[in-house]
Amino acid sequence: MARGAGALGAPPWAAAGAALFVAALVLAPVIAVIWTAGAAGRLGPGDWAAVRFSLTQAALSALLSAALAVPVARALARRRFPGRGALVTLLGAPFILPVVVAVFGLLAVFGRNGIASNLLDLAGQEPLSIYGLHGVVLAHVFFNLPLATRLLLQGWLAIPGERFRLAAALALPPGTVFRLLELPMLVRVLPGAAVVIFVICLSSFAVALILGGGPAATTVELAIYQAFRFEFDLGKAAALALVQLALAGGAAMLAARLALPPAMGAGLDRVVPRWDADRPGLRVQDALWIGAAAGFLLVPLAMIVIDGVPGLARLPGSVWTAAGRSVAVALVSTALAIALALALASRRGELLAVLAIAVSPLVLGTGLFLILRPVAAPGDVALPVTALVNALMALPFALRAIRPELEAVRADYGRLCLSLGLTGRRFWTRVALPRLRRPLGFAAGLAAALSMGDLGVIALFADPERATLPLQMYRLMGAYRTSDAAGAALLLLLLSLALFWAFDRGGRIDARA
Amino acid sequence: MLALERLVVTQDTFRLEADLTVPGGRIVGVIGPSGAGKSTLLNVIAGFFPPSAGRVLWDGRDITGLPPARRPVAMLFQEANLFPHLTAAQNVALALTPRARLSRAEAAAVERALDRVGLSGLGERRPAQLSGGQQGRVALARALLQSKPLLLLDEPFSALGPALRGGMLDLVREIAEETGATVLLVSHDPADARRIADDILLVAEGRAAAPVPTAEILAAPPPALRAYLGD
């Protein structure tokens, strides 16, 4: 609506304030990093090895995730079976699964003492080693195969059912159906999915922290952390942060050129009837792919529960304190992310938020550390900084959930609101917020779970007295207190899921029509 | 009295001109081919779309620059006339106040309006729990309570079947007669206009023509209307 549309927007002061806040929060650390890096020495060969490793592992993770997603998504697209809906929902779970918890579950399956190694041992084989490049890639595939599968599944379901009907009427064999109908979709969707995964893995920190390390398996993000914690070399950390900024920025620009369907869209519960796939051989093949993918996702999750239950009863007090701290950080971060998302729910706001996510958490952390060091002890600001950076990281997802719905409310009810004088604050309290309950609840759930499980900036700032639960759990793992770590992992998993569930559910209850 | 004074509305290649008056208290059927600009004309009068030239006057007062809520206009749209998350009573109450809390007098007025449109006792239902016809009545109750002198109806009942639609139009007629409101009713069905309209305002070929009494214009339709009616 051309006239009075401003009356249905965020108040100008809120929009401008939020934009300034986000811009400052991103730009100030970047400037601090550039400033300090300029004064630092050149990077050594080890640092370039980190660049190479970052690129290699991200490329491998992206290729493997995307390639494996093709048969899994195809099987899900053309088969109907009990539990299909649950499995598709489960494909969304890694997004809110704390990285350190997932890695713990993978260790319980693929680690030296994991069940896979035990089986190999029974067969007289050497146990597996999960540390190094293949471990990092394995964990990344665990996280991103589900994402790629969801994206491809959407692509498959977007192929009109009539085309498959036509193919059946013409009695086209499966190979021809693939070439005519499925291949063009894959060519369109697969590169975008792979690039997004590449960008995500490029900034991988927690996975590399636990499964990588050493000269052969250090990402740039991890190198920043090591320059901080072990070498106390802020100049080097800043120089590495600058490298990471260039890497992630370049990759993000690459990703922005490829259009991608939204991964959180609903409607994945549809199955397109496929006459060409109605053959016993293909049925078995699809069943195997679905079984393998489900097992790959479910067994590590099950191991977290099985291993964690005994330890949960006698967790040390420090774990409970850390859990309390994490919940507090998650709640503050969620409130901030949602407030920013509401104020920035416009096209410009979304661009700004995507810009913010192109700067990795450790780069932000480095910059904030450089800025805050003269005025405050890092340990004192660890939790506020973590909440702040987590909110920023959740912002693009919150915006993606909220903005389309808000625009739909404006399109559907804008004129009615204007004619009834429901403008400004009244528009928000009486129309927009009640209509947005579902996406707000979902976005808040995502933000809370992401913050709850985050092991990033906190590792730079925290002292032992102020650890969050993921950091505390990582320390327990490092100290080989496996039973305590398993209990902490289960607690962290439960808290992350509970936070997501509570917010998401809160948005659904009573959100009628 | 509504006056459109040398009004020009443009949007990309679309152009509509109007220079006419509508006497107070009349029910005017706005008809014409689709895409001719019937809805656009109503949107300009209601203040949702600015004209590129000319003025909109109500009783001699220039309202061209007023925001929609401050115009003497109540409007029902083709769809989304009710907020799905509010009850029927809460939807109607928006005519009186944007606040959630009502005074006793306001609550009584809402109840009376619902009674008037035949929805006694259904105030606590949400739109999803009402039939299409009942939803239309809730929207009419709100328009009634807004007590604005000009009521614009942009095919709000087009999704209803012929019998229900006829009933709603009769209710519009009754309400307009009680309140003395001027009504502009967009319809793609000439039968609607024949049923309740005193006058017909033809929108065709880039022009909104001055309203002509219904019987008169239907007896001797001008070429543009004949082309539209198809005989």
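Nothing here was measured: the structure is a model prediction, and the numbers come from that model.

Things to note about the overall build of chain A
Move 1: Across its full length, chain A carries 21 helices and zero strands.
Move 2: Overall, the C-alpha framework of chain A stretches about 80 × 75 × 50 Å when taken along its three principal axes.
Move 3: The burial tally for chain A puts 49% of its 513 residues in the buried class.

Looking at the overall build of chain B
Move 1: When its secondary structure is counted, chain B shows eight helices and 11 strands.
Move 2: Against the 2.2 N^0.38 benchmark of 17 Å for 231 residues, chain B shows a C-alpha radius of gyration of 18 Å, consistent with a compact globule.
Move 3: In terms of overall dimensions, chain B has a C-alpha envelope of 50 × 40 × 30 Å along the principal axes.
Move 4: When burial is assessed residue by residue, chain B has 44% of its 231 residues classed as buried.
Move 5: Long-range pairs, those at least 24 residues apart, make up 66% of the contacts in chain B with a sequence separation of at least 6.

Some remarks on the interface of chain A and chain B
Move 1: With 20 residues of chain A at the contact, the number on the chain B side is 21 residues.
Move 2: For the side of chain A that touches chain B, the elements supplying multiple residues, two or more each, are α16 (378–420) and α17 (425–435) of chain A.
Move 3: Looking at the side of chain A that touches chain B element by element, the count peaks at seven residues for α16(A).
Move 4: Residue composition of the side of chain A that touches chain B, grouped by class: 10 nonpolar, three polar and seven charged.

So, the domain arrangement of chain A
Residue and element names in this part refer to chain A.
Move 1: When cut into domains, chain A gives domain 1 (1–36 + 313–513) and domain 2 (49–306).
Move 2: Computed from C-alpha atoms alone, the centre-to-centre distance between domain 1 and domain 2 is 25 Å.
Move 3: Taken together, the contacts link 33 residues of domain 1 with 30 residues of domain 2.
Move 4: Of all the elements in the fold, those that place two or more residues in the side of domain 1 that touches domain 2 are α1 (12–39), α15 (361–372), α16, α18 (437–453), α19 (457–461), α20 (469–478) and α21 (482–508).

With respect to helix α3 (residues 104–116) of chain B
Residues and elements named next belong to chain B.
Move 1: In a regular helix each residue adds 1.5 Å, so 13 residues correspond to 18 Å; α3 covers 18 Å between its end C-alpha atoms and thus fits that length.
Move 2: Those residues of α3 that fall on the buried side of the exposure criterion are Val 110, Ala 113 and Leu 114. An end-on view of α3 places all buried positions within 100° of arc, on one side of the element. Of the residues in α3, the exposed ones pointing more than 90 degrees away from the buried face are Arg 104, Ala 105 and Ala 108.
Move 3: Lining the buried residues of α3 we find α2 (88–93) and α4 (132–146).
Move 4: Of the residues flanking the end of α3, it is Gly 118, one or two places downstream, whose phi is positive at about 80°.

Comments concerning the confidence of the model for chain A
All names here are of chain A.
Move 1: Per-residue confidence for chain A averages 87 on the pLDDT scale, and 95% of its residues sit at or above 70.
Move 2: When mean pLDDT is taken per element in chain A, helix α13 (residues 317–343) scores highest with 95 and helix α14 (residues 347–358) scores lowest with 81.
Move 3: Below pLDDT 50 for its whole length, residues 261–266 participates in 10 contacts with residues either more than four positions away or in separate chains.

A short note on the confidence of the model for chain B
Move 1: Taken as a whole, chain B shows an average pLDDT of 92; of its residues, 100% reach a score of 70 or greater.
Move 2: Interface predicted TM-score (ipTM) for the complex: 0.90; the corresponding pTM is 0.86.

Some remarks on the pairing of strand β6 (residues 73–76) of chain B
Residues and elements named next belong to chain B.
Move 1: With burial as the criterion, each face of β6 is covered, one bearing Val 73 and Met 75 and the other bearing Ala 74 and Leu 76.
Move 2: As defined by bridge partners, β6 adjoins strand β7 (residues 150–154) across four bridges and the pair is classed as parallel. Within β7, the residue paired with Val 73 across the bridge is Leu 150.

Remarks on helix α1 (residues 38–46) of chain B
Residue and element names in this part refer to chain B.
Move 1: In terms of residue burial, α1 counts as a mostly covered element, since eight of its nine residues are buried.
Move 2: The complete set of buried residues in α1 reads Lys 38, Ser 39, Leu 41, Leu 42, Asn 43, Val 44, Ile 45 and Ala 46.
Move 3: Trailing α1 by a residue or two, Gly 47 shows a phi angle of about 95°, which is positive.

Here's the deal with the pairing of β7(B)
Residues and elements named next belong to chain B.
Move 1: Most of β7 is tucked away: five of the five residues are buried.
Move 2: Side chains Leu 150, Leu 152 and Asp 154 project from β7 onto one buried face, and the interleaved Leu 151 and Leu 153 project onto a second face that is buried too.
Move 3: Taken together, the five bridges between β7 and strand β8 (residues 182–186) define a ladder with parallel strand orientation. Counted as the bridge partner of Asp 154 is Val 186 from β8.

Parameters at a glance
- All chains use their own residue numbering, which begins from 1 and follows the written sequence.
- All chains are assigned letters beginning with A, and all ligands numbers beginning with 1, in the order in which they are written.
- Thresholds applied to this predicted model are a pLDDT of at least 70 for local features of residues and 80 or more for the giving and counting of side-chain atom pairs; totals over whole chains, interfaces and linings are not thresholded and use all residues.
- Secondary structure elements are defined from DSSP: runs of H or I of at least 4 residues count as helices, runs of E of at least 2 residues count as strands, and each element is numbered from the N terminus.
- Whether a residue is buried, exposed or partly exposed follows from its count of other C-beta atoms within 10 Å of its own C-beta, namely 20 or more, 12 or fewer, or something in between, respectively; the C-beta atoms are built from the backbone.
- Only C-alpha atoms enter the radius of gyration, while the globule expectation follows 2.2 Å times N to the 0.38, with N the number of residues.
- The contact rule is simple: place each C-beta atom from the backbone, and if two of them lie within 7 Å, those residues are in contact.
- For this classification, Asp, Glu, Lys and Arg are treated as charged, while Ala, Val, Leu, Ile, Met, Phe, Trp, Tyr, Cys and Pro are nonpolar and the rest, including Gly, are polar.
- Either an automatic procedure or a domain database provided the assignment from which the domain bounds are taken.
- Expected span of a helix: the number of residues minus one, times 1.5 Å.
- Relevant arc is that of directions from the helix axis to the C-beta atoms, nothing else.
- A score between 0 and 100, pLDDT records how confident the predictor is in each residue.
- Strand pairing requires that DSSP identify at least two bridges connecting the strands.

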